[in-house]
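Breakdown of the fold
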Amino acid sequence: MKLLVLHGPNLNMLGVREPEVYGRDTLEDINRSLESAAADQGVELRIRQSNHEGVLVDEIQEALGRAEGILINPGAYTHTSIALRDAIVAVGLPVVEVHLSDIHAREHFRRHSYIEPVALTQICGHGSRSYLLGLEALVDHIRTGSEG
Ligand code: DQA
């Protein structure tokens with residue numbers, strides 16, 4: 001199984017960026033633990049981070065025919081990007097949305113996600129573990145779907 005993992009804007013700053021909100025793990029730490037969990041499951045990951053909305057849209061489009069699902073932390077684009085949402089709908093791949101922080105317990109503007117309605121599920125508030133939980137949910141969904 002091949003999956004795309006996408007990290008949105010400012011997530012390259014993890015470790016130094018608001019550690020009281022996002023924790024001390026760097027993006028590299030998160031990617032390493034994802035790689036290790038994926039390898040245990042026989043899953044291959046393509047992992048990309050971009051600060052640019054269009055690059056993320058390109059990645060989602062290019063996943064069609066190459067990946068069976070997408071794990072995404074869209075960062076602030078969660079709350080603004082109809083383009084990311086449209087790209088997800090266009091490719092029709094299963095998507096799990098993850099966030100380190102609990103976006104429902106922060107500023108009001110973070111409570112709305114353009115991605116959530118088109119994602120299988122949204123996992124937030126578990127720090128870097130949100131990614132691992134998200135990976136598990138996505139892999140389970142794909143395996144169950146292809147068995148059923
Ligand atoms: C985030 C939450 C977003 O509101 C914020 O803009 C981010 C990170 C998270 O992982 O908690 O950049 O997606």
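Criteria and cut-off values
- Residues numbered from 1 in each chain as written.
- Predicted model: local features only at pLDDT ≥ 70, side-chain atom pairs only at ≥ 80, totals over all residues.
- Heavy atoms only, no water.
- 1 Å grid on protein atoms, 1.4 Å probe; cavity = no way out; pocket = protein on both sides within 12 Å on 5 of 7 lines; lining within 4 Å.
- Points joined across faces, edges and corners; volume = space filled by probe spheres on them.
- Helix = DSSP H or I, 4+ residues; strand = E, 2+ residues; numbered from the N terminus.
- Nonpolar A, V, L, I, M, F, W, Y, C, P; charged D, E, K, R; others polar.
- Core = buried A, V, L, I, M, F, W, Y, C linked by side-chain atoms within 4.5 Å.
- Buried < 20%, exposed > 50% of the residue type's maximum accessible area, 1.4 Å probe, protein only.
- Contact = heavy atoms within 4.5 Å.
- Near = heavy atom within 4 Å.
- Polar contact = N/O pair within 3.5 Å; in protein donor to acceptor, adjacent residues only side chain to side chain.
- Areas by Shrake-Rupley, 256 points an atom, 1.4 Å probe, with all protein chains shown as cover.
- Salt bridge = Lys/Arg side-chain N within 4 Å of Asp/Glu carboxyl O.

Our next topic: the layout of surface pockets. Here the largest pocket is characterised by a volume of approximately 160 Å³. In this structure, the largest pocket is lined by Lys2, Leu3, Leu4, Glu44, Leu45, Arg46, Glu59, Glu62, Ala63, Arg66 and Ala67. Only strand E1 (2–7), strand E2 (44–49) and helix H3 (53–62) provide two or more residues apiece to the lining of the largest pocket. For the lining of the largest pocket, the per-class residue count stands at five nonpolar, no polar and six charged.

This part takes up the nonpolar core. One finds Leu3, Leu34, Leu45, Leu71, Tyr131 and Leu135 to be the most contacted residues of the largest nonpolar core, which totals 22 residues. Of all the elements in the fold, those that place two or more residues in this core are E1, helix H2 (27–40), E2, strand E4 (95–99) and helix H5 (129–147). Considering every element that reaches this core, the biggest residue donor is H5, with five residues. Contacts of Leu45, omitting those with residues within four sequence positions, involve Leu3, Val5, Leu34, Glu35, Ala38 and Leu135. Listed in part, the 18 residues of the second largest apolar core include Leu4, Val57, Leu84 and Val95.

Here we come to the site of the ligand. Near the ligand, the surroundings consist of Arg17, Tyr22, Asn73, Gly75, Ala76, His79, His99, Leu100, Ser101, Ile103 and Arg110. Between an oxygen atom of the ligand and a main-chain N or O atom of Ala76, the distance comes to 3.2 Å. Protein burial of the ligand: of its 320 Å² of free accessible surface, 99% is covered by the chains. Along the lines of polarity and charge, the residues of the shell around the ligand split into four nonpolar, five polar and two charged.

With the rule as written, the count across this model stands at six salt bridges. With a shortest N-O distance of 3.7 Å, Arg32 and Glu28 are connected by a salt bridge. Remark: Glu28 and Arg32 occur in helix H2; sequence separation between them is four residues, near one turn of the helix. For the pair Arg32 and Glu28, a shared accessibility class is recorded, and that class is exposed. Across the pair Glu107 and Arg110 runs a salt bridge, and its minimum N-O distance is 2.7 Å.

In short, geometric facts, not functional conclusions.
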